[in-house]
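# Survey of secondary and tertiary structure
Listed here are the chains, written in short residue letters.
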Amino acid sequence: MKTRLLTANEIDTAAGILRSGGLVGIPTETVYGLGANGLDPAAVGRIFTAKGRPQDNPLILHIPDASWLDRYCRNIPPAACALAEAVWPGPLTMILQRRENVPNAVTCGLGTVGIRCPGHPLALAVIRAAGLPVAAPSGNLSGRPSPTCARHMLEDMDGRIDAILDGGSCGVGVESTIVDLTPPVPRLLRPGGLPLERLQAVLGEVAVDRAVTAQLGSGEKPRAPGMKYRHYAPKAPVVVVTGESLRTARYIRRNLGQRTGVICFDEYAPLFSGCTVEAIGPVSDKARQARRVFEALRAFDSTDVDAIYAQCPGSGGLGFAVANRLKKAAGFQVVDLGEAEE
Ligand code: TXA
Ligand code: MG
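Here is a short report on the structure shown in this document. Fair warning: this is a prediction, and the values are worked out from it, not measured in the lab. (Residues numbered from 1 in each chain as written. Chains lettered and ligands numbered in written order. Predicted model: local features only at pLDDT ≥ 70, side-chain atom pairs only at ≥ 80, totals over all residues. Heavy atoms only, no water.)

The helix and strand tally for the protein chain stands at 11 helices and 17 strands. Taken over C-alpha atoms, the radius of gyration comes to 19 Å for the protein chain, in line with the 20 Å a tight globule of 342 residues would show. For the C-alpha atoms alone, the extent of the protein chain along its principal axes is close to 55 × 50 × 35 Å. For the protein chain, the residues scored as buried account for 56% of the 342 residues in total. Residue pairs in contact within the protein chain that sit at least 24 positions apart in sequence constitute 67% of those at least 6 positions apart. For the protein chain, the computed accessible surface area is about 13,500 Å², with 49% contributed by carbon and sulfur atoms. (Helix = DSSP H or I, 4+ residues; strand = E, 2+ residues; numbered from the N terminus. Rg over C-alpha atoms; globule rule 2.2 N^0.38 Å. Buried < 20%, exposed > 50% of the residue type's maximum accessible area, 1.4 Å probe, protein only. Contact = heavy atoms within 4.5 Å. Areas by Shrake-Rupley, 256 points an atom, 1.4 Å probe, with all protein chains shown as cover.)

Turning our eyes to something else, we now look at the site of ligand 1. Looking at ligand 1, there are 27 residues lining it, with Thr30, Asn57, His62, Ser176 and Gly226 nearest. A distance of 2.7 Å is found between an oxygen atom of ligand 1 and a side-chain nitrogen or oxygen belonging to Thr30. With respect to ligand 1, the side chain of Thr112 contributes an N or O atom lying 3.0 Å from a nitrogen atom. Burial of ligand 1 by the surrounding chains reaches 97%, relative to a free accessible area of 680 Å². Those elements that provide at least two residues to the shell around ligand 1 are strand 4 (60-62), strand 7 (112-116) and strand 11 (187-190). At 4 residues, strand 7 tops the list of elements feeding residues into the shell around ligand 1. Across the shell around ligand 1, the residue classes tally to 13 nonpolar, 9 polar and 5 charged. (Near = heavy atom within 4 Å. Polar contact = N/O pair within 3.5 Å; in protein donor to acceptor, adjacent residues only side chain to side chain. Nonpolar A, V, L, I, M, F, W, Y, C, P; charged D, E, K, R; others polar.)

Right, let's get into the environment of Val212. Relative to the helices and strands, Val212 is located in the loop between strand 12 (207-208) and strand 13 (238-242). Expressed as a C-alpha distance, the spacing of Val212 and Ala321, which sit 109 residues apart in the sequence, is 9.3 Å. In this structure, Val212 is in contact with Leu188, Leu189, Arg190, Pro191, Met227, Phe320, Asn324 and Phe332, ignoring residues within four places of it in sequence.

So, on to the packing of aromatic side chains. Using the criterion set out here, one finds 3 aromatic pairs in the structure. Their ring planes at 55 degrees and their centres at 6.4 Å tell us that Trp68 and Tyr72 sit as a pair that is tilted. Residue classification places Tyr72 among the buried positions, given a relative accessible area of 4%. Between Tyr251 and Tyr309, the ring centres sit 6.2 Å apart and the planes meet at 85 degrees, which makes this aromatic pair edge-to-face. Of this pair, Tyr251 sits in helix 9 (residues 245-254) while Tyr309 sits in strand 16 (residues 307-311), and the two are 58 residues apart along the sequence. Each member of the pair, Tyr251 as well as Tyr309, is classed as buried. One Lys or Arg, Arg71, reaches over the ring of Trp68 and ends 3.9 Å from the middle of that ring. (Phe/Tyr/Trp six-rings, centres within 6.5 Å; stacked < 30°, edge-to-face > 60°. Lys NZ or Arg CZ within 6 Å of the ring centre and 35° of its normal.)

The next thing to look at is the nonpolar core. In this structure, Trp88, Leu92, Met94, Ile115 and Leu199 are the most contacted members of the largest nonpolar core, which totals 54 residues. The element best represented in this core is helix 2 (residues 41-51), accounting for 5 residues. Core analysis: the second largest hydrophobic core is formed by 26 residues, Val172, Ile263, Ala310 and Cys312 among them. (Core = buried A, V, L, I, M, F, W, Y, C linked by side-chain atoms within 4.5 Å.)

This next bit is on helix 2. Among the residues of helix 2, Ala43, Val44, Ile47, Phe48, Ala50 and Lys51 are the ones counted as buried. Against strand 3 (33-37), helix 5 (104-107), strand 8 (134-135) and helix 7 (150-157) lie the buried residues of helix 2. For helix 2, the N-terminal capping position is held by Asp40, with its side-chain oxygen 2.9 Å away from the main-chain nitrogen of Ala42. One or two steps after helix 2, the chain reaches Gly52, where phi turns positive at roughly 65 degrees.

Attention shifts here to the state of the cysteines. Tallying each qualifying case throughout the model produces 0 disulfides. Distance from the sulfur of Cys117, which forms no disulfide, to the nearest cysteine sulfur (Cys73) is 13 Å. Judged by its relative accessible area of 2%, Cys117 is buried. Cysteine Cys264 shares no disulfide, and the gap to the nearest cysteine sulfur, in Cys275, comes to 9.3 Å. A residue is classified by how much of its surface remains accessible, and Cys264, at 0% relative accessible area, is buried. (Disulfide = S-S within 2.5 Å.)

Moving on, we come to the sheet that holds strand 14 (residues 260-264). Read from one edge of the open sheet, 5 strands run 15-14-16-13-17, paired in parallel fashion. Pairing within the sheet leaves two strands with one partner each, and these edge strands are strand 15 (276-279) and strand 17 (334-336). Going from strand to strand, the sheet's axes swing by 20 degrees on average, the running direction of each strand aside. Here helix 9 sits on the sheet and contacts strand 13, strand 14, strand 16 and strand 17; the angle it forms with strand 16, its principal contact strand, is near 165 degrees. Those strands touched by helix 11 (residues 319-329) are strand 13, strand 14, strand 16 and strand 17, and its axis lies near 140 degrees from that of strand 13. (Pairing = 2+ DSSP bridges. Axes fitted to C-alpha atoms, helices over the stretch in contact; angles between N-to-C directions.)

Dropping the structure here:
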């Protein structure tokens, strides 16, 4: 299969491919997604094949506006409507009870479904033109860092999918925040592009699932099935160093080996001249760190580094998502030197 690169004025071509059961890379504000007709089990099945995705890891449905919630979900709590009103279109996925018309291929047989209305004009235009809910996981090969530009998606998916719609670089850079609204107290399953503080402002109390901050034991079953897999991982092993940025930079410098790669804040890049360095933004600019983190993790795979150290932002705002992606890439190998500055 030849993978076509489509430009922003080829929305109808992308929509046509979706309607006929094909696979299209779609830019969203978070990361590129690998889209298919979410009502067509065969098309959804092709997503799993193209990504090499485990069969027990459900997909989320992308809708063009909140009025579609009722088509695919039932017993929708008032909190879901309040959230949709406050933050959609935007980087939030809600887990809700599903209706029977949502294929098992999407939910992997769960009684719930993840729904999101993406905040990217091209994504919304394609979904509207197709007239379908679009099932879309992140557009990487399973286990690799998520793609934040069309070129990264092509690296993983060339020859495996019909087309990629090129919408430039993603503005947020980490995937959507996932909140499960089916328990009495809403539960954060994945920190993401919508800060936890924003969720709390709308919902009040939000529980944070253990899988967000720690590696689950082999017998533990995560609520978001995807959280149990090693993710976002470059080929070289990653160690995350948490704490105040000057301390973590010094620690990493003391522990450098011959072929150590470093993910650091811009201010500290000069300490690591001579190493393969990915500076992900200034200490205080978490939005930039979020835009850069996957690109940085991906960059090491074309180098000869045999180990990677990463500085880690504090957990306020988007720092929660950036830290989570780094720690997951590290399989939760963390050197803890204390609290980071925010
Ligand atoms: O920003 C995003 O959310 C991107 C863009 C493309 O929209 N999509 C994305 O999809 O990150 P994916 O498949 O890479 O991650 C979705 C996560 C997985 O960890 C999956 O296990 C979880 O959502 N998930 C999906 N349906 C679920 C459900 N019914 N209950 C709990 N977790 C669910
Ligand atoms: Mg993913």
